[in-house]
Amino acid sequence: MKVKRTYHNAISIILLQLIVFFYIYSVPLKGLPAGIGSRILFTLFGMVLLSIQVLKDHVAGNIRIHREIILLSLLIILLALVSGFSMFVNATNDASFIKYAGSFIYMLLSGYFVVWAFKKVYKEPSFYVVGNYVIIAGLMQVLISLGMFLSPALYNILIGIQNIDELTDERLGGFTSFRLVGFGSNFFGSGIVHGYMLFLLATLLRVRRHKPAMIFFYAVAFILLFVLGTMMARTTLIGMIMALALLFWPSSITRITISKSVFKFLGSLLVILMLMGSMVFLLSKESRELLSNATEFGFELFINYAQGEGVKSASTDELKDMFIWPENLSTYVMGDGYYMNPLDPARYYMGTDVGYLRLIYYFGIPGTIVYLLIQFLPIAVCSYINRHSHFLLRFFICSFIFLLTLNVKGFTDTFYLSILFYYIIRYKCADQNINHQYEAAS
């Protein structure tokens with residue numbers, strides 16, 4: 001019986017990990033409608049589960065909805081209304097953010113399903129437990145991406161099972177000689193999620209005591225997420241900066257010390273880097289050349305600096321030219337109603353990649369504020385609930401700073417990540433294993 005129970009537990013954990021992976025990366029699998037990822041399936045499950053729960057609560061005469069869920073719903077409706085107003089006033093048919101308002105609903109429902117799945121495996125899932133699953137999902141992604149980069153056969157198989165149009169397929173194929181391509185995660189989007197995972201990992205390391213084996217695992221995960229994640233998108237570097245800030249942020253201004261966990265973590269990093277450097281020489285010449293190309297792409301900033309060319313890259317130079325500010329006051333007030341270029345749907349309106357400008361051009365500053373408020377609300381609730389937990393509070397503050405910073409580079413959305421932790425923390429599933437006295441001493 002014990003063996004059977006262990007087997008069932010193992011299967012449950014594997015299934016849960018797959019759910020987390022396909023929730024985070026929302027792979028556009030074949031069989032799904034064009035432009036729809038795997039997360040939409042979890043939305044349907046979440047809708048069914050929520051309906052059942054509401055019926056149960058109604059029968060029991062105990063329907064309760066948290067205020068922030070109501071506020072979030074109102075903000076999402078407001079986002080759709082602002083979008084519709086901009087479309088109407090500007091006489092456009094670009095409904096990008098009316099659709100995006102719907103995607104926020106999808107995230108609320110799919111996140112609800114994922115947390116329900118956690119509760120089926122863990123009686124009281126915690127921030128720490130969920131965080132570890134998120135990190136492992138990231139590890140799965142970057143290792144799959146490395147495999148796709150080094151093996152054309154694996155690349156063709158995994159691209160072949162995705163619902164990708166010819167234009168996207170051609171674009172992805174153009175990067176396969178120098179940039180890692182993911183399984184449902186590419187370009188700027190992969191930099192968002194893997195950068196987020198880096199400072200999440202730094203938080204997990206500091207919120208509790210760990211055995212040496214766990215610290216070593218975190219070190220391996222940190223290096224792989226940083227190195228391979230940067231080879232996918234250089235935006236991952238922003239997450240690295242946040243992670244370093246959280247690792248070395250002292251618990252007390254009067255006592256600036258490095259905790260034992262962080263010290264062991266840093267030692268593990270050095271050992272793993274040396275091992276990885278040695279393993280590279282075991283690869284074929286072709287594989288080493290490919291990795292060299294990916295390294296030059298991912299770490300171009302550092303390479304240029306070492307060569308005396310300053311801290312710059314091709315993408316940072318391009319970004320400088322993309323700060324194309326609106327010339328009309330009306331654009332700041334109500335936008336132009338365009339997200340994509342009406343003459344070239346494959347390009348963004350006004351040719352800018354800057355997240356804030358893309359938002360302003362679509363529905364002005366009011367719409368931009370509403371969008372940011374939707375992103376901010378679950379983070380704010382988590383911050384308030386964890387205001388006495390040094391490291392969790394800092395994590396949520398950093399997550400919003402991360403969102404604001406990346407929107408300078410491109411359109412950024414971290415709602416699907418923050419809503420997971422919101423559900424866990426808000427619905428009385430806070431981590432009971434965090435020792436706040438240890439935090440004070442770290």
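This structure is a prediction, so every number in the text was calculated from the model and none was measured. (Residues numbered from 1 in each chain as written. Predicted model: local features only at pLDDT ≥ 70, side-chain atom pairs only at ≥ 80, totals over all residues. Heavy atoms only, no water.)

S.K.: So what exactly am I meant to see when it comes to the overall build of the chain here?
M.R.: Along its length, the chain carries 19 helices and 2 strands. Since a compact globule built from 442 residues should have a radius of gyration of about 22 Å, the 22 Å found for the chain is in line with a globular shape. Its C-alpha atoms put the chain at 65 × 60 × 50 Å along the principal axes. Within the chain, the proportion of its 442 residues that are buried is 48%. Sequence separation of 24 or more characterises 78% of the internal contacts of the chain that already satisfy a separation of 6 or more. Surface summary for the chain: the accessible area is close to 22,000 Å², and the carbon and sulfur share equals 67%. Treating the 33 positive side-chain charges of the chain as one cloud and the 23 negative ones as another, the clouds have centres 19 Å apart. (Helix = DSSP H or I, 4+ residues; strand = E, 2+ residues; numbered from the N terminus. Rg over C-alpha atoms; globule rule 2.2 N^0.38 Å. Buried < 20%, exposed > 50% of the residue type's maximum accessible area, 1.4 Å probe, protein only. Contact = heavy atoms within 4.5 Å. Areas by Shrake-Rupley, 256 points an atom, 1.4 Å probe, with all protein chains shown as cover. Lys, Arg positive; Asp, Glu negative; His and termini not counted. Charge placed at Lys NZ, Arg CZ, Asp CG, Glu CD.)

S.K.: What should I look at first to understand the side chain of serine 83 in this one?
M.R.: Within the element layout of this structure, serine 83 appears in helix α3 (residues 67-90). If we ignore the near neighbours within four places in the chain, the residues touching serine 83 are Phe97, Ile98, Tyr362 and Phe363.

S.K.: What should I look at first to understand a negative patch on the surface in this one?
M.R.: Residues Asp165, Glu166, Asp169 and Glu170 make up a contiguous surface patch of negative charge. Within the fold, aspartate 169 resides in helix α7 (residues 166-173). (Patch = residues over 30% accessible without salt bridge, like charges linked within 9 Å, V, L, I, M, F, W, Y side chains within 5 Å. Salt bridge = Lys/Arg side-chain N within 4 Å of Asp/Glu carboxyl O.)

S.K.: Would you take a moment to explain the pattern of salt bridges for this structure?
M.R.: Between side chains of opposite charge, pairing is possible as soon as their charged atoms come close. In total, this model carries 3 salt bridges according to the counting rule given. Two residues, arginine 234 and glutamate 300, come together in a salt bridge whose shortest N-O distance is 2.4 Å. Note that arginine 234 is positioned in the loop between α9 (212-232) and α10 (236-248) and glutamate 300 in helix α13 (residues 300-306), a separation of 66 residues in sequence. Among the ionic pairs, aspartate 353 bridges to arginine 358, the shortest N-O distance being 3.1 Å. What makes arginine 358 buried here is its relative accessible area of 7%.

S.K.: What should I look at first to understand the confidence of the model for the chain in this one?
M.R.: It should be kept in mind that the predicted coordinates are not to be read in detail where pLDDT is low. Across the chain, the average pLDDT comes to 86, with 90% of residues at or above 70. Of the regions scoring below 50 in pLDDT, residues 429-442 engages in 35 contacts with residues more than four places distant in sequence or in other chains. (pLDDT = per-residue confidence, 0-100.)

S.K.: Would you explain the nonpolar core in this entry?
M.R.: The tendency in soluble globular proteins is for nonpolar side chains to be buried as a group. Ranked by size, the top nonpolar core spans 120 residues in total, and within it Ile24 and Phe265 carry the most contacts. Discounting chain neighbours no more than four positions away, the residues touching isoleucine 24 are Arg39, Val134, Ala137, Val193, Met197, Tyr416 and Leu417. (Core = buried A, V, L, I, M, F, W, Y, C linked by side-chain atoms within 4.5 Å.)

S.K.: In this structure, what is going on with a nonpolar patch on the surface? I would like to understand it.
M.R.: A cluster of nonpolar side chains, contributed by Ile65, Ile70, Leu71, Leu74, Ile77, Leu78 and Leu81, occupies part of the molecular surface with about 650 Å² of accessible area. Relative to the assigned elements, leucine 78 resides in helix α3.

S.K.: It is not clear to me how the layout of surface pockets should be interpreted in this structure. Could you clarify?
M.R.: Remark: the empty space left among the atoms is shown by a probe the size of a water molecule rolled over them. If you add up the space inside the second largest pocket, you get close to 950 Å³. Around the second largest pocket, the lining comprises 25 residues; the ones closest to its centre are Leu50, Gln53, Arg64, Tyr112 and Tyr427. For the lining of the second largest pocket, the secondary-structure elements that each account for two or more residues are α2 (39-60), α3, α4 (96-121) and α18 (415-426). In the lining of the second largest pocket, the residues fall into 15 nonpolar, 4 polar and 6 charged. (1 Å grid on protein atoms, 1.4 Å probe; cavity = no way out; pocket = protein on both sides within 12 Å on 5 of 7 lines; lining within 4 Å. Points joined across faces, edges and corners; volume = space filled by probe spheres on them. Nonpolar A, V, L, I, M, F, W, Y, C, P; charged D, E, K, R; others polar.)

S.K.: Sorry, what's going on with unusual backbone geometry here?
M.R.: Excluding glycine, residues mostly have negative phi values, and the peptide bonds linking residues are mostly trans. The backbone phi angle of serine 26 is positive, close to 45°, even though this residue is not glycine. Relative to the assigned elements, serine 26 resides in the loop between α1 (2-25) and α2. Positive phi is not limited to glycine here, since methionine 350 has a value of about 65°. Inspection of the secondary structure puts methionine 350 in the loop between β2 (344-348) and α16 (355-385).

S.K.: What exactly am I supposed to notice about the packing of helix α5 (residues 127-150) against helix α6 (residues 152-160) here?
M.R.: Contact geometry of α5 with α6 gives a least axis separation of 5 Å together with a crossing angle of 120°. As the angle between them shows, α5 and α6 are arranged oblique. Taken together, the residues of α6 that come into contact with α5 (itself represented by Ile144, Gly147, Met148 and Leu150) are Pro152, Leu154, Tyr155, Leu158 and Ile159. Grouping the amino acids of the contact of α5 with α6 by side-chain chemistry returns 8 nonpolar, 1 polar and no charged. (Axes fitted to C-alpha atoms, helices over the stretch in contact; angles between N-to-C directions. Parallel < 35°, antiparallel > 145°, perpendicular 65-115°, else oblique.)

S.K.: How should the environment of threonine 168 be read in this particular structure?
M.R.: Relative to the helices and strands, threonine 168 is located in helix α7. In this structure threonine 168 comes out as partly exposed when scored by relative accessible area, which is 32%. Distance in space between the C-alpha atoms of threonine 168 and isoleucine 238 is 26 Å, their sequence separation being 70 residues.

S.K.: I keep staring at α3 and nothing clicks. Help me out?
M.R.: Since the α-helix packs 3.6 residues into each turn, any two residues three or four apart lie on the same face. The first and last C-alpha atoms of α3 sit 34 Å apart over 24 residues, in line with the 34 Å expected at 1.5 Å per residue. When we look at burial in α3, the residues that qualify are Glu68, Ile69, Leu72, Leu75, Ile76, Leu79, Val82, Ser83, Ser86 and Met87. Where α3 is buried, its residues touch α4, α15 (329-334), α16 and α18. Once α3 ends, the next one or two residues include alanine 91, with phi positive near 55°. (Expected span 1.5 Å × (residues − 1).)

S.K.: Is there a simple way to explain the state of the cysteines in this structure?
M.R.: Note on terminology: disulfide describes a covalent bond linking the sulfur atoms of two cysteines. All chains considered together, the criterion is met by 0 disulfides. A disulfide-free cysteine, cysteine 398 has its sulfur positioned 14 Å from the sulfur of cysteine 382, the nearest such atom. (Disulfide = S-S within 2.5 Å.)

S.K.: Honestly, the side chain of serine 185 in this entry has me stumped. Any pointers?
M.R.: Along the chain, the position of serine 185 falls in the loop between α7 and α8 (187-206). Assessed through its relative accessible area of 5%, serine 185 is described here as buried. Excluding its chain neighbours within four sequence positions, the residues that come into contact with serine 185 are Tyr25, Gln141, Ser190, Val193, His194 and Met232.

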